[in-house]
Structure formats: structure tokens, C-alpha cells
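# Report on the structure
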Amino acid sequence: FSKTQIPSKVRAITQDSQGTLWFGGSQGLVSYSGETVRRFGREDGIVEGDLSVLQPFPGGKIIAGSSSGRILLGDSQGFSTIAPPEVVKHQWISGILPVTARETWVSTLGSGLYLWDGGKWTCFDANDGLPDSRLTCVLTDDRGHIWLGSLGGIIRAERKDLLARMTDPGATVKWLRLDHTDGLPSRECIGGFQPAGWKGKDGLLWFPTGSGVVRVRPDIVEFNKVAPPVYLDRKS
């Protein structure tokens, strides 16, 4: 491609269900189908050009996130904003994980984790017990968990608990954080663009860190349910 046809600073690439390739970056959004290259602009709903994440979305659509926190959904017919930057507190979108059209997870580099049910957005941050709101990616495993890379370690939560919290603010979410004590060479996961974490066909999860790549086996990661010993010392 020539520089006049496609952004020269590409940060994200994906492919939709029709086989069209999509390229996003600091200079906008472009699609490539067959031999046709198309640049999307304001007339197509792309109101800003600094895109950090592109992902396929159910129904042949594409979902995109920007560095300012805007989230867009659309296809070759155009895009619409499903979350203005205010929804995620103007934080950088680092990862998007569409599970279904009514369950999309979004990680941000500062305001935590978000869940979109197709209409409403729900935030999970420090007020909900999230150990670190500076998230670099969002993944799911085959055991019903949501996994998050962060600048403070790898975080895991039960997907069903998070979904329950969406309708019941009092629902309990148990967060598990892995760090140096669990074998991580560095607790700082690197990210900002997708993919910054990967689920392999074998179910293993991969996270890039400042000191190498970490592989996680979800089947052997469990909460320590053994209560710590308690000693009472009576001083005379």
C-alpha cells in the first residue's frame, strides 16, 4: 500500500467474518477487500483517528477503541459511537473482548474494566475490589474466568460473578492477582494495543511483561482456601 492509501502508523489489524481486513492507528481507519482500499472518515462516523484496538464483533461488524476512550461499532456501511470518552473517563482503550452481542468486555489503561450488554455499560474498578485499574488486556479461559493483564500483575475473576454484579450491586466478586510471589519475572504486563495477551488453542494464556513472556495454565491456578494459623500470645 502507498502512504496515501493506508495509515502509516498502524496499531491494530483485524479481519471480519466476510474476509475484509481492517487497519487502524493514529491516522484513522482503513479497510481492504479484494483490491479495494477504503479510508473511513467523519462522514462514516469515525470522529477521531487515534485507534488503539480493532476486533471482530458478532453480526459481521467491527468494534474499535481509541486512545481517548471512545468505542465505535460498525461495518462497511459506517460506524456509530457506542461509548463516548466520558463513559470510560477518557482512558486509553487497551483491549476489547466480544463474547456475544450482549456481552463485551473492555479493558482500559486507568479506569478499570467495563462490560457492555448491548445498551448499558458497567464499570469494575477499585471501588469493586479490582486490584489494579491500569489494565493492558482482557482474555477469557475455558473455565469461566475473565483474565486481565495489568501494570500490577495478572488478575483473574469469575465471569459469572462479574455478570451478576451488573444487576446486583451487592454481588461479591473475588479477585485473584498473580505477581512475583507466583513466579512472574515482572508484575508489569505490557500493553496498550491489541493483542497484548493471547489465548492459545490449548487453553494456555500468554502475557507479555517487562522481563519476558509469561505462560499461565488456568487449570492449576486456584485460590488458597487454607486459613492462616492464628497464635495468641498472652504477656504477663
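This text follows the structure it describes.
This one's a predicted model, so the numbers in the text were calculated from it and none came from an experiment. (Residues numbered from 1 in each chain as written. Predicted model: local features only at pLDDT ≥ 70, side-chain atom pairs only at ≥ 80, totals over all residues. Heavy atoms only, no water.)

One pass over the full model with this rule turns up ten salt bridges. The partner of lysine 89 in a salt bridge is aspartate 125, with the nearest N and O atoms 3.7 Å apart. With lysine 89 in the loop between β8 (78-83) and β9 (93-100) and aspartate 125 in the loop between β12 (121-124) and β13 (135-140), this residue pair connects regions lying 36 residues apart in the sequence. Between aspartate 219 and arginine 217 there is a salt bridge whose closest N-O contact spans 2.7 Å. (Salt bridge = Lys/Arg side-chain N within 4 Å of Asp/Glu carboxyl O. Helix = DSSP H or I, 4+ residues; strand = E, 2+ residues; numbered from the N terminus.)

Time to look at the pairing of strand β11 (residues 113-116). Of the two faces of β11, both are covered, the one formed by Leu113 and Leu115 as well as the one formed by Tyr114 and Trp116. Pairing between strand β10 (residues 103-108) and β11: four bridges, direction antiparallel. What sits directly across from serine 107, in β11, is leucine 113. Pairing between β11 and β12: four bridges, direction antiparallel. Counterpart to tyrosine 114 in the pairing with β12 is cysteine 123. Between β11 and β12, which pair antiparallel and follow one another directly, the connecting turn spans four residues, one of which, glycine 118, has a positive phi of 95°. (Buried < 20%, exposed > 50% of the residue type's maximum accessible area, 1.4 Å probe, protein only. Pairing = 2+ DSSP bridges.)

Each aromatic ring pair is characterised by the separation of its centres together with the angle its planes make. Using the criterion set out here, one finds seven aromatic pairs in the structure. Centroid distance phenylalanine 57 to tryptophan 116: 6.2 Å. Interplanar angle 40°. Geometry classified as tilted. Placement of the pair is phenylalanine 57 in strand β5 (residues 51-57) and tryptophan 116 in strand β11, with a sequence separation of 59 residues. Note on phenylalanine 57: relative accessible area 7%, which makes it buried. Ring pairs connect the aromatic residues Trp22, Phe40 and Phe79, which therefore count as one cluster. (Phe/Tyr/Trp six-rings, centres within 6.5 Å; stacked < 30°, edge-to-face > 60°.)

So, on to the sheet that holds β5. Read from one edge of the open sheet, four strands run β5-β6-β7-β8, paired in antiparallel fashion. The strands lining the two open edges of the sheet, one partner per strand, are β5 and β8. Within this sheet the neighbouring strands show an average axis-to-axis angle of 25°, counted without direction. In terms of strand pairing, strand β7 (residues 71-75) meets β8 through five bridges, oriented antiparallel. Among the inter-strand pairings, isoleucine 71 is bridged to a residue of β8, identified as alanine 83. (Axes fitted to C-alpha atoms, helices over the stretch in contact; angles between N-to-C directions.)

Let's shift gears to the side chain of aspartate 44. Take aspartate 44: it is sitting in the loop between β4 (36-40) and β5. Within the local environment of aspartate 44, its side chain forms a polar contact with the side chain of arginine 38, the two groups lying 2.9 Å apart. Residue contacts for aspartate 44: discarding those within four places in its chain leaves Arg38, Arg39, Gly78 and Phe79. (Polar contact = N/O pair within 3.5 Å; in protein donor to acceptor, adjacent residues only side chain to side chain. Contact = heavy atoms within 4.5 Å.)

A contiguous nonpolar patch, built from Trp198, Trp206 and Val213 and spanning about 350 Å² of accessible area, is present on the exposed surface. Look at tryptophan 198 and you get exposed, because its relative accessible area is 54%. (Patch = residues over 30% accessible without salt bridge, like charges linked within 9 Å, V, L, I, M, F, W, Y side chains within 5 Å. Areas by Shrake-Rupley, 256 points an atom, 1.4 Å probe, with all protein chains shown as cover.)

The next thing to look at is the pairing of strand β3 (residues 28-33). Counting buried residues in β3 gives five out of six residues, a clear majority hidden from the surface. The pairing of strand β2 (residues 21-25) with β3 spans five bridges and is antiparallel. Pairing of glycine 25 across the sheet is with glycine 28, part of β3. Between the antiparallel neighbours β2 and β3 lie two residues. Pairing between β3 and β4: five bridges, direction antiparallel. Residue tyrosine 32 lies in a different strand from β4, and its bridge partner there is valine 37. Connecting β3 to the next strand, β4, in antiparallel fashion are two residues, including glycine 34 with a positive phi near 65°.

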